[in-house]
Every structure is written in structure tokens, then in C-alpha cells.
Amino acid sequence: MEQLTTVDAWRRYCADARARGAVVGLVPTMGALHAGHASLVDTAKRECDVVVVTIFVNPRQFNDPDDLRKYPRPLEDDLARCRELGVDAVVTPSMEEMWPAYPAATATTVTVAGVSEGLEGAGRPGHFDGVASVVAKLLIVTGPSRAYFGEKDFQQLAVVRQMVADLALDVTVVGCPIVREASGLALSSRNVRLDAAAHERALGFSRALAAVHDGVARTADDMRAVLRDVLEDAGIDVAYAEVVDPTTLRPLGAGDEGVARVLLAGFVDGVRLLDNGELRVIATKGATSVAGH
Ligand code: PAF
């Protein structure tokens, strides 16, 4: 496995692979790799000839300095994991390579209007500008490729898809399903910050998703209320509990039908966690009944 630390070496590595006729697969990460990342790498390995993982904790997407400070950075473990997974190259760029002006602001920012504005965007000002700016750079340096993102960060995936379409980047964005512990908790690098009691409370997220999959006809607002009740009963400080259109991320109203997405976010012991799930809804005279998932 190669470890690349400069933009030049990384760009050349990907260009050389394509010159040999290889399809390049990119798995962008902030490290602290877990089974969710491993599933992205496995999918990339099945679909591509050369798999490149980037590990860069991007300060521009953290609106809370404490969250950035506490973000886990187990680099040696991450490199060992990539080796075990059969990754071809890991890119670990320095801050100078990615954001030379940091901590001063970088002159160029990518903003994706619409899909980035509500939900995480509303609660974390600047977060998606930071995500879109770094992902644009990762995709531009990597060049034509397939890029793999987890559905756990569902809004991030929608923002990246919109940006790639708007900028006509030569990249196929692939969304991969959420990986869960046996307990139901969605895997996240932030889970290491949960003690046993907080972990127990965090199970409220998967319980809330199960609660709206019970086949009972409800209005979209009733669904939101059920989700919020389950989360609050579990002791989660709810940021939002939404039922949205999966492409525009606009809140569902009574009368909407088809595939929808439940998006949940909240704090457990000060740790911000997300979860989401697909929902098929049928409009029934103002109520929205669940048809399956
Ligand atoms: O999902 C993540 O780990 C990050 O937001 C990403 C896509 C690597 C950008 O920093």
C-alpha cells in the first residue's frame, strides 16, 4: 500500500492508474475508520481497479472548535486497517497541502444552495460549505473516478451529488447503505465518545426509525411527533426529526407519497449523532401511511 502525502503525488498516482486503463475508486474519510468505512472500501474494491482512501480531518466543516479538538485521530490504526482491507493508496495530506492559508480563511468556498440549507445546515452554520469545499478539492485532485459516501450522512450525500452535477465533475457518486451494530446503533467515528449509559440512550435513534415503520396511517406531522417522542423518551436532546423528500430534502406534507427519508439528529452527552432510514408512504386523505421500507 502506498502512502501519499502531497497533492502532486496523489494527482500523479491517480492519473498513472487511469493511463494503465484502471478505474479509480475514491473513499474520502476523516479517519477513525470503522466497519462503515470498511464497507465503502469493499464496495469500491468490487467496482474499481484501484482504491484510494483519503484521511483528512477537515477543520472547515467543524463549526464547534470543541468537536474538532475531540475528533479521534488514530492514524496508525487507520493505516493498518487500510492495509488489511487491501487499499491501494492512502492519502494523508498535511494542512499545508489542503488549506495553505489555515487558520486564516481560504479565498475560495463552494456553497451548494437548497439541499444544504435546512437540517444539519441550519444547526451547523458553515458546515456544508466546509464539506463541499473539501470534497470538491478531493474530487478534483483525484480526477475521473467513482467516489463512495455513506448514507448515514444523508444530507452530505445529497449536497455532494448536487455539487458534482452542477460543476460537471467527471465523478460517479455512489451512496452506500448505513452499517449498524447488532444493537441497531448506526456506526459513526463519534461513537467512541459514548460511555455505556450514553450508548444505551443512543439506541433511541434506531427505535425511533422502527416506531414509524409499524404500518399505522399517520400524517407527516404525526410521524414527526412519534419520532420526537421516542427520541426524547430515550434521553436524546433532539436537533431535528424530519420526514423529507429523498432528493430535495424538502419536508413531506400530507398528500405527498412515494419514497421518503426519515432524518434524525440529536445530542447524547454532548455528542451529535445522526441516523436515517427510508420510508415508502401512501397519502390517505391527509394521513400518510407507511407502505414498507
Ligand atoms: O463524511 C466524512 O467523513 C467527511 O465529511 C468527508 C466526506 C470525508 C469530507 O471531509
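Residues numbered from 1 in each chain as written. Predicted model: local features only at pLDDT ≥ 70, side-chain atom pairs only at ≥ 80, totals over all residues. Heavy atoms only, no water.

Caption draft 1: Just the overall build of the protein, in detail. Counting secondary structure elements, the protein contains eleven helices and ten strands. For 293 residues, the compact-globule estimate of 2.2 N^0.38 gives 19 Å, and the protein sits close to it at 20 Å. Taking all 293 residues of the protein together, the buried fraction comes to 53%. Long-range pairs, those at least 24 residues apart, make up 71% of the contacts in the protein with a sequence separation of at least 6. For the protein, the computed accessible surface area is about 12,900 Å², with 50% contributed by carbon and sulfur atoms. In the protein, 30 side chains carry a positive charge and 40 a negative one; their mean positions are 2 Å apart. (Helix = DSSP H or I, 4+ residues; strand = E, 2+ residues; numbered from the N terminus. Rg over C-alpha atoms; globule rule 2.2 N^0.38 Å. Buried < 20%, exposed > 50% of the residue type's maximum accessible area, 1.4 Å probe, protein only. Contact = heavy atoms within 4.5 Å. Areas by Shrake-Rupley, 256 points an atom, 1.4 Å probe, with all protein chains shown as cover. Lys, Arg positive; Asp, Glu negative; His and termini not counted. Charge placed at Lys NZ, Arg CZ, Asp CG, Glu CD.)

Caption draft 2: Up close: helix α7 (residues 127-142). The end-to-end C-alpha distance of α7, which contains 16 residues, comes to 23 Å, matching closely the 22 Å that a straight helix rising 1.5 Å per residue would cover. Summarising burial for α7: 13 of the 16 residues are buried, a large majority. In the segment just after α7, Gly143 is the residue with positive phi, at about 80 degrees. (Expected span 1.5 Å × (residues − 1).)

Caption draft 3: Just the layout of surface pockets, in detail. Looking at the largest pocket, its volume works out to about 180 Å³. As for the largest pocket, its lining consists of 13 residues, and the residues nearest its centre are Asp64, Asp67, Phe267, Gly270 and Arg272. Listing elements by their share of the lining of the largest pocket, those giving two or more residues are α3 (65-70) and β9 (271-284). With three residues, α3 is the single largest residue contributor to the lining of the largest pocket. For the lining of the largest pocket, a count of residues per class yields two nonpolar, three polar and eight charged. (1 Å grid on protein atoms, 1.4 Å probe; cavity = no way out; pocket = protein on both sides within 12 Å on 5 of 7 lines; lining within 4 Å. Points joined across faces, edges and corners; volume = space filled by probe spheres on them. Nonpolar A, V, L, I, M, F, W, Y, C, P; charged D, E, K, R; others polar.)

Caption draft 4: Up close: the side chain of His37. Relative to the helices and strands, His37 is located in helix α2 (residues 35-47). The buried category is assigned to His37, whose relative accessible area is 14%. If sequence neighbours within four positions are ignored, His37 has contacts with Thr29, Gly31, Ala32 and Ser189.

Caption draft 5: Fine view of the pairing of strand β7 (residues 237-244). The buried fraction of β7 is high, at six of eight residues. Alignment of β7 against strand β8 (residues 258-268), held across seven bridges, turns out to be antiparallel. Following the sheet pairing, Ala241 is matched in β8 by Leu264. (Pairing = 2+ DSSP bridges.)

Caption draft 6: Inspection of unusual backbone geometry at higher detail. Look at the link from Tyr102 to Pro103: it is a cis peptide, with omega at 10 degrees. Along the chain, Pro103 turns up in the loop between α5 (95-98) and α6 (120-123). Although it is not a glycine, Ala32 adopts a positive phi angle of roughly 50 degrees. Inspection of the secondary structure assignment puts Ala32 in the loop between β2 (24-29) and α2. Phi is positive for Ala168, which is not a glycine, with a value near 50 degrees. Summarising the element assignment, Ala168 is placed in the loop between α8 (154-166) and β6 (171-176). Overall, the relative accessible area of 65% leaves Ala168 in the exposed class.

Caption draft 7: Examining the packing of aromatic side chains more closely. Summed over all chains, the structure comprises one aromatic pair. Taken together, a centroid distance of 5.5 Å and an interplanar angle of 75 degrees make the contact between Phe62 and Tyr71 edge-to-face. Tyr71 matches Phe62 in its accessibility class, with the two residues each being buried. It is Arg60 that lies over the ring of Trp99; its NZ or CZ is 4.4 Å from the centre. (Phe/Tyr/Trp six-rings, centres within 6.5 Å; stacked < 30°, edge-to-face > 60°. Lys NZ or Arg CZ within 6 Å of the ring centre and 35° of its normal.)

Caption draft 8: Expanded view of the packing of helix α1 (residues 7-19) against α7. Two elements in contact, α1 and α7, have axes whose closest approach is 8 Å; the angle formed by their N-to-C orientations is 50 degrees. Taken as axis vectors, α1 and α7 run oblique relative to one another. Each of Val7, Trp10, Arg11, Cys14 and Arg18 in α1 lies in contact with α7, whose residues at this interface are Leu138, Ile140, Val141 and Thr142. Per-class residue counts for the contact of α1 with α7 are six nonpolar, one polar and two charged. (Axes fitted to C-alpha atoms, helices over the stretch in contact; angles between N-to-C directions. Parallel < 35°, antiparallel > 145°, perpendicular 65-115°, else oblique.)

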